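Residue-level structure breakdown
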Amino acid sequence: MDEQHTSPTGPGGLDPRAELSEFLRTRRARLKPQDMGLPDFGRHRRVPGLRREELAQLAGVSVAYYTRLEQGNGQNVSVEVLDSIARALRLTDAERTHLTHLAKPKRQRRKPAARTDRPRPTLRHLLASMDTVPAYVVGRRSEILAWNGMAAAVFGDWEKLPAQERNWARLVFLNPDHRELFVEWDQKAADMVAYLRMDAGLHPEDPQLSALVGELSVKSEEFRRLWAAHDVKEKSHGVKRLRHPLVGELTLLWESFRPSGDDSGQSLVTYFAEPDTPSAEALRLLGSWGADARRSGTSASAG
């Protein structure tokens, strides 16, 4: 029977071998034999999903080779073998990228914290110029690094929060008012953990990320459950429904952009409403109310 594992965290970062092992195990466990054209022995099957030997057969590698990989020994695995295993596991594009990061990690170059945590001035000017569009810059570890007035009107005035609390993961899991802000809070929480997982695969030696995961694991049972699932996702685009204290329910589309030539992991996230909808009118009202909307949003949704 497959052994259950948990990812250790500590001041030095996450354990890359454990991360690789658990990711492969959880991806294998979600596959049903009958969906893969394999016989299902029902009650006699002792593990959820596929056995290691079944996955190895589908990937065209030896059982011993795959077992070593699932035990976290991925240093010498070839790109071709990883592609075969990814196909056998039916991984998404984001999961394929994550698997590559875990199995063949790149040597990290340490950068000064100031360069990593501060959006460049042109990006700040762009935020300020978007006076009708809620927008903010989010960094690695889900830090909220900069935002404009419309973002404050929609999400609350983050300026009132201590710098450490300007973090989407902390707000989503530890702030009761932000739980109320998102109509589909469960999906927002799952997405947030999936984004952090992608960051962890790319930066396993990041002690601040490890500390954040450790803190949230201690303080939130929901975070622990979602973190153990090892789901990953890239920030891209989508739809969010919000309960705003002044204008009621908002349905907003969002897009995420990576600044060109920037490898800091920062993203510019923008929100907008479909034209000629109640949400578009609500955004217009929030923009016209300005500082009053920001103060009301802070009291109701920023804690």
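Notes on the structure in this doc start here.

Reading the values: the criteria
Residues numbered from 1 in each chain as written. Predicted model: local features only at pLDDT ≥ 70, side-chain atom pairs only at ≥ 80, totals over all residues. Heavy atoms only, no water. Helix = DSSP H or I, 4+ residues; strand = E, 2+ residues; numbered from the N terminus. Buried < 20%, exposed > 50% of the residue type's maximum accessible area, 1.4 Å probe, protein only. Areas by Shrake-Rupley, 256 points an atom, 1.4 Å probe, with all protein chains shown as cover. Pairing = 2+ DSSP bridges. Axes fitted to C-alpha atoms, helices over the stretch in contact; angles between N-to-C directions. Parallel < 35°, antiparallel > 145°, perpendicular 65-115°, else oblique. Left-handed = near helix turned anticlockwise from the far one by under 90°. Contact = heavy atoms within 4.5 Å. Nonpolar A, V, L, I, M, F, W, Y, C, P; charged D, E, K, R; others polar. Phe/Tyr/Trp six-rings, centres within 6.5 Å; stacked < 30°, edge-to-face > 60°.

Right, let's get into the overall build of the protein chain. Counting its regular elements, the protein chain contains 15 helices and five strands. Per-residue burial over the protein chain gives 49% buried out of 303 residues. On the protein chain, roughly 15,500 Å² of surface is accessible, and the fraction owed to carbon and sulfur atoms is 51%.

The subject of this paragraph is the pairing of strand 5 (residues 267–272). Of all six residues making up strand 5, five are buried, and the element is well covered by its neighbours. Bridge count for strand 1 (residues 135–138) against strand 5 is four bridges, and the pairing is antiparallel. Each bridged residue has a counterpart across the sheet, and for Ala-135 the counterpart in strand 5 is Thr-270. Where strand 4 (residues 248–257) meets strand 5, five bridges bridge the pair, whose relative direction is antiparallel. Paired with Glu-255 across the two strands is Thr-270, which belongs to strand 5.

One way to put it is that helix 2 (residues 52–59) packs onto helix 3 (residues 63–70) with a least axis distance of 9 Å and a crossing angle of 110 degrees. Classified by the interaxial angle, the pair formed by helix 2 and helix 3 is roughly perpendicular. Here the hand of the crossing between helix 2 and helix 3 comes out right-handed. Here helix 2 contributes Arg-52, Glu-53, Leu-55 and Ala-56 to the contact with helix 3, which in turn contributes Val-63, Tyr-66, Thr-67 and Glu-70. A per-class count over the contact of helix 2 with helix 3 returns four nonpolar, one polar and three charged.

Running from N to C, helix 12 (residues 207–219) and helix 13 (residues 221–228) point in directions that differ by 125 degrees, and their axes come no closer than 5 Å. Viewed along their axes, helix 12 and helix 13 adopt a mutual orientation that is oblique. The crossing of helix 12 and helix 13 is left-handed. Between helix 12 and helix 13, the contacting residues are Val-213, Leu-216, Ser-217, Val-218 and Lys-219 on the first element and Glu-221, Phe-223, Arg-224 and Trp-227 on the second.

This next bit is on the packing of aromatic side chains. Across all of its chains, the model carries 13 aromatic pairs by this definition. Summarising the aromatic geometry, the rings of Tyr-136 and Trp-168 are spaced 5.9 Å apart at their centres and angled 50 degrees between planes, so their arrangement reads as tilted. Highlighted residues: Tyr-136 in strand 1 and Trp-168 in helix 9 (residues 168–174), separated in sequence by 32 residues. Trp-168 carries the same exposure label as Tyr-136, and that label is buried. On the basis of an interplanar angle of 75 degrees and a centroid distance of 5.8 Å, the ring pair of Phe-173 and Trp-185 is categorised as edge-to-face.

If you trace the five strands from one edge of the open sheet to the other, you get 2-1-5-4-3, paired in antiparallel fashion. If you trace the sheet from one side to the other, it starts and ends with strand 2 (144–147) and strand 3 (237–244), each paired once. Taken pair by pair, the neighbouring strands of this sheet meet at an average axis angle of 30 degrees, ignoring direction. Where strand 3 lies against strand 4, eight bridges are found, and the strand directions are antiparallel. Bridged to His-237 within strand 4 is Glu-255. Seen against the sheet, helix 14 (residues 278–289) touches strand 3, strand 4 and strand 5 and runs at an angle of roughly 85 degrees to strand 4.

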